[in-house]
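# A look at the structure
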Amino acid sequence: MGELQKPRGTRDVLPEEASRWRLLEDRARQVAARYGYGELRTPLFEVTELFRRGVGEDTDIVGKEMYTFLDRKGRDMTLRPEGTAPAVRAFLEHNLGAGPQPVRLFYLQPAFRYERPEEGRWRQHHQFGAECFGAAGAAADAEVIALAVDFLRTAGVADFRLRLNSIGCPACRPAYRAALREYYRPLLPLLCADCQERFGQNPLRLLDCKVDTAHAAGAPRTADHLCTDCREHLQGLEALLARLRISFDRDPTLVRGLDYYTRTVFELESPRLGSQSALGGGGRYDGLVELLGGQPTPAVGGGVGLERTLLALEAGGAPAPTVEPPQVFVASVGEEYALEAMGVASQLRSAGVRVITDPLGRSLKAQLKQAARAGARWTVILGEELSRGVLVLRDMAAGVQEEVPAGELLTRIDKGVV
Ligand code: HAM
């Protein structure tokens, strides 16, 4: 087909796969409802400043991956690369902080990142995200993690691992950063180009280096530098997760790639996925509401990637998706009954029946073949019997047919009898 192809790193979802997506989205909505989260829908694009300030100037997302453009009036806009900053913006814009707390929001939406495409990493992906505003205690962290875990289990993802860490707060992080810089300074010439930059901007990200993991293993650990409040918060969360029977691994190298996190960070990982193994991730972001212009408001949330959830399901041997077949095929014998066929199809559809017809004027034999191929349960045949107020109803599975008064068609189909 030449030049007109979908943009690199994007995917089309054809009807068979769409049924799998719908199932996953239904599960997400069910789980969100069980936890009392209400749906939030924000615009696909926001002013660029929101992400610069919210996600952080020095992050890969803001520095390298945003789809940014000037609109026709020269305003700087960006396709949302993630859902948390827009959720905070909406929380502030609608003054949700003035109502009853906590405020629990979820979203199911695409996000856009100009990343190097590979299996599990696309330039447009979809997230099921949940954000809880106004609760400072570890119970809210546990709730968000439980919601994400519940979603994966409900969706049918059998095996995944929860990694957990605390990256401290503005009180204890500066000393930790200093300790990290001290450790990495002599190693600077050995670090990859990205890490040499990170050293100055955000030394925590050095722990996240994918090129060389050996250095991170010997680095100072966040757990050893947490202030008392942060340590107690983490212990509280661990106790709650144990109570909820959610097993986790403490991972002192887990730092995440967005700047807004404080204290808790977590990732859900699948052993069935390759290098892009994170099914979901999130954490606490107690400073973000204030950073974006609101009152200090504690908050915690997480996002699960739907494409990767589907990949994990496939890798785990989930049954092939199916499209619901039509219940009825309305066939006509010759041109003169084609109009009648449209009328009967329309009547049945008004009653909620899934119906297809033949728009190509094919022979009856060809139409019956088409009905069988489409998986229709019944074929209604309209021909000269109509002059007597009668049509032919064919049970496709049994291969038998009989005449039925036109007025009784719906009842016969409903009862499933011929
Ligand atoms: P994130 O870790 O950047 O966090 O993304 C969450 C999940 O989205 C990832 O674990 C992954 O499954 C999926 N994902 C991210 N990028 C891609 C991609 N390029 N292709 C396919 N899937 C991808 C966030 O976005 C935070 N806003 C999560 C959060 C909510 N934190 C607090 N509240």
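In this report, the structure presented in the accompanying data block is examined.

Rules behind the numbers
- Residues numbered from 1 in each chain as written.
- Predicted model: local features only at pLDDT ≥ 70, side-chain atom pairs only at ≥ 80, totals over all residues.
- Heavy atoms only, no water.
- Phe/Tyr/Trp six-rings, centres within 6.5 Å; stacked < 30°, edge-to-face > 60°.
- Helix = DSSP H or I, 4+ residues; strand = E, 2+ residues; numbered from the N terminus.
- Buried < 20%, exposed > 50% of the residue type's maximum accessible area, 1.4 Å probe, protein only.
- Lys NZ or Arg CZ within 6 Å of the ring centre and 35° of its normal.
- Near = heavy atom within 4 Å.
- Polar contact = N/O pair within 3.5 Å; in protein donor to acceptor, adjacent residues only side chain to side chain.
- Areas by Shrake-Rupley, 256 points an atom, 1.4 Å probe, with all protein chains shown as cover.
- Patch = residues over 30% accessible without salt bridge, like charges linked within 9 Å, V, L, I, M, F, W, Y side chains within 5 Å.
- Salt bridge = Lys/Arg side-chain N within 4 Å of Asp/Glu carboxyl O.
- Pairing = 2+ DSSP bridges.
- Axes fitted to C-alpha atoms, helices over the stretch in contact; angles between N-to-C directions.

Below, the discussion takes up the packing of aromatic side chains. Using the criterion set out here, one finds nine aromatic pairs in the structure. Ring geometry for tyrosine 67 and tyrosine 114: centres 5.8 Å apart, planes at 70 degrees, overall edge-to-face. Of the two residues, tyrosine 67 is situated in the loop between helix 3 (60-64) and strand 3 (68-70) and tyrosine 114 in the loop between strand 5 (103-112) and strand 6 (124-133); the sequence distance between them amounts to 47 residues. Note on tyrosine 67: relative accessible area 26%, which makes it partly exposed. Here the aromatic residues Phe91, Phe133, Tyr260, Tyr261 and Tyr285 are joined through ring pairs into a cluster of three or more. A cation over an aromatic ring shows up here: arginine 11 above the ring of tryptophan 122, its NZ or CZ 4.4 Å from the ring centre. Lying over the aromatic face of tryptophan 378, arginine 377 brings its terminal NZ or CZ to 4.3 Å of the ring centre.

Close contacts around the ligand come from 26 residues, with Glu82, Glu115, Trp122, Glu131 and Tyr261 the closest. With respect to the ligand, the side chain of glutamine 127 contributes an N or O atom lying 3.1 Å from an oxygen atom. Measuring from an oxygen atom of the ligand, one finds a backbone N or O atom of leucine 279 at 2.9 Å. In isolation the ligand exposes 660 Å². Once the protein is present, 96% of that is buried. At the level of elements, strand 6, strand 10 (278-284) and strand 11 (299-305) are the ones that each hand at least two residues to the shell around the ligand.

This part covers a nonpolar patch on the surface. A cluster of nonpolar side chains, namely Leu44, Phe45 and Phe69, defines an oily patch on the protein surface of about 260 Å² accessible area. Mapped onto the elements of the fold, phenylalanine 45 is located in strand 2 (residues 45-47).

To continue, consider the sheet that holds strand 14 (residues 378-382). Sheets are built from strands that pair by backbone hydrogen bonding, the pairs being arranged parallel or antiparallel. Read across the sheet, five strands follow the order 13-12-14-15-16 without closing on themselves; strand pairing throughout is mixed. Taken across any chain shown, the strands that pair with only one partner, and hence form the sheet edges, are strand 13 (355-357) and strand 16 (400-405). When strand polarity is set aside, the average angle formed by the axes of neighbouring strands in this sheet is 25 degrees. Where strand 15 (residues 390-395) meets strand 16, six bridges bridge the pair, whose relative direction is antiparallel. Residue leucine 391 lies in a different strand from strand 16, and its bridge partner there is valine 404.

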